[in-house]
Amino acid sequence: GAGVSQTPSNKVTEKGKYVELRCDPISGHTALYWYRQSLGQGPEFLIYFQGTGAADDSGLPNDRFFAVRPEGSVSTLKIQRTERGDSAVYLCASASGSSAEAFFGQGTRLTVV
Amino acid sequence: AQSVTQPDIHITVSEGASLELRCNYSYGATPYLFWYVQSPGQGLQLLLKYFSGDTLVQGIKGFEAEFKRSQSSFNLRKPSVHWSDAAEYFCAVGARSGANNLFFGTGTRLTVIP
């Protein structure tokens, strides 16, 4: 597709469960970012990939959160032992380089019940 | 500590009227400053960004922003608002030109009335 694709668009899970959120970046984009946006707040940085490696994971809130990008394209954000406070819209963005404009997907709305 | 303050949670303007959205920041180093727009059902879109040079920056969709170092402000303006400008606007600050580790404000929701 032409833009950043995130699946699923909505995910409801029970507290304590494990979830995976997928991001398909724009083809050829080497930089990939994950943010999360809680209700009424601005996006909050989670992690930045350059190629296959996490160049900056300083935004991951705790060790329940993990992200991978094994082939330098698709990325998966993984959340273990979900908590109600993890409920948010998780945004993915990609860019052609570390200094280039990033293009955001429409996000995955995660609800933990 | 870094922070971005957008003091106006919600602004309503008439179509054709001028617009100014306020943004104040606190940042320990020389900041990159950004304005993003988020429309319903759309992803965040970059309107403009500033790092150095001319303090008046032109962006897409007829928007501009002015950097004022003495006031730690980066206000967004548009001379004549269109109904399609109704959206949520976010100011952000970061250390680089890209989207790594940006710190966003809480946003200003813009409503445009006919």
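Describing the sheet that holds strand β1 (residues 5-7) of chain A
Residue and element names in this part refer to chain A. Sheet architecture is open: four strands sit in the order β1-β3-β8-β7, paired in antiparallel fashion. If you trace the sheet from one side to the other, it starts and ends with β1 and β7 (65-68), each paired once. Pairs of neighbouring strands in the sheet enclose a mean axial angle of 15°, with direction left out of account.

Things to note about the environment of Ala-102 of chain A
Within the fold, Ala-102 of chain A resides in the loop between β9 (88-95) and β10 (103-104). Remark: the alpha-carbon pair of Ala-102 of chain A and Ser-9 of chain A, spanning 93 residues in sequence, is separated by 20 Å. Apart from the residues lying within four places of it in its own chain, the contact partners of Ala-102 of chain A are Tyr-33, Ala-93, Ser-94 and Ala-95 of chain A together with Ala-99 of chain B.

Remarks on the packing of aromatic side chains
The geometry of an aromatic ring pair is captured by the separation of the ring centres together with the interplanar angle, meaning the angle of the planes. Counting across every chain of the model gives 13 aromatic pairs over all chains. Each ring, one from Tyr-33 of chain A and one from Tyr-48 of chain A, has its centre 4.9 Å from the other, and the planes form 10°; the classification is stacked. Within this pair, whereas Tyr-33 of chain A is found in strand β4 (residues 31-37), its partner Tyr-48 of chain A is found in strand β5 (residues 44-50), the two being separated by 15 residues in sequence. Accessibility classification places Tyr-33 of chain A together with Tyr-48 of chain A in one group, the buried group. Seen from their ring centres, Phe-90 of chain B and Phe-104 of chain B are 6.4 Å apart, and the 80° between their planes marks the pair as edge-to-face. Residue Phe-90 of chain B is located in strand β10 (residues 87-94), and its partner Phe-104 of chain B is located in strand β11 (residues 103-104); the two are separated by 14 residues in the primary sequence.

A short note on the state of the cysteines
Each disulfide consists of one covalent bond between the sulfur atoms belonging to two cysteines. All names here are of chain A. All told, the structure shown has two disulfides over all chains when counted by the stated rule. Note that Cys-23 is cross-linked by a disulfide to Cys-92, the S-S spacing being 1.9 Å. Residues Cys-23 and Cys-92 are joined by a disulfide whose S-S torsion is about -70°; by sign, that bridge is left-handed. In this pair, Cys-23 is assigned in strand β3 (residues 19-24) and Cys-92 in strand β9, connecting sequence segments 69 residues apart.

Parameters and conventions
- Residues numbered from 1 in each chain as written.
- Chains lettered and ligands numbered in written order.
- Predicted model: local features only at pLDDT ≥ 70, side-chain atom pairs only at ≥ 80, totals over all residues.
- Heavy atoms only, no water.
- Pairing = 2+ DSSP bridges.
- Helix = DSSP H or I, 4+ residues; strand = E, 2+ residues; numbered from the N terminus.
- Axes fitted to C-alpha atoms, helices over the stretch in contact; angles between N-to-C directions.
- Contact = heavy atoms within 4.5 Å.
- Phe/Tyr/Trp six-rings, centres within 6.5 Å; stacked < 30°, edge-to-face > 60°.
- Buried < 20%, exposed > 50% of the residue type's maximum accessible area, 1.4 Å probe, protein only.
- Disulfide = S-S within 2.5 Å.

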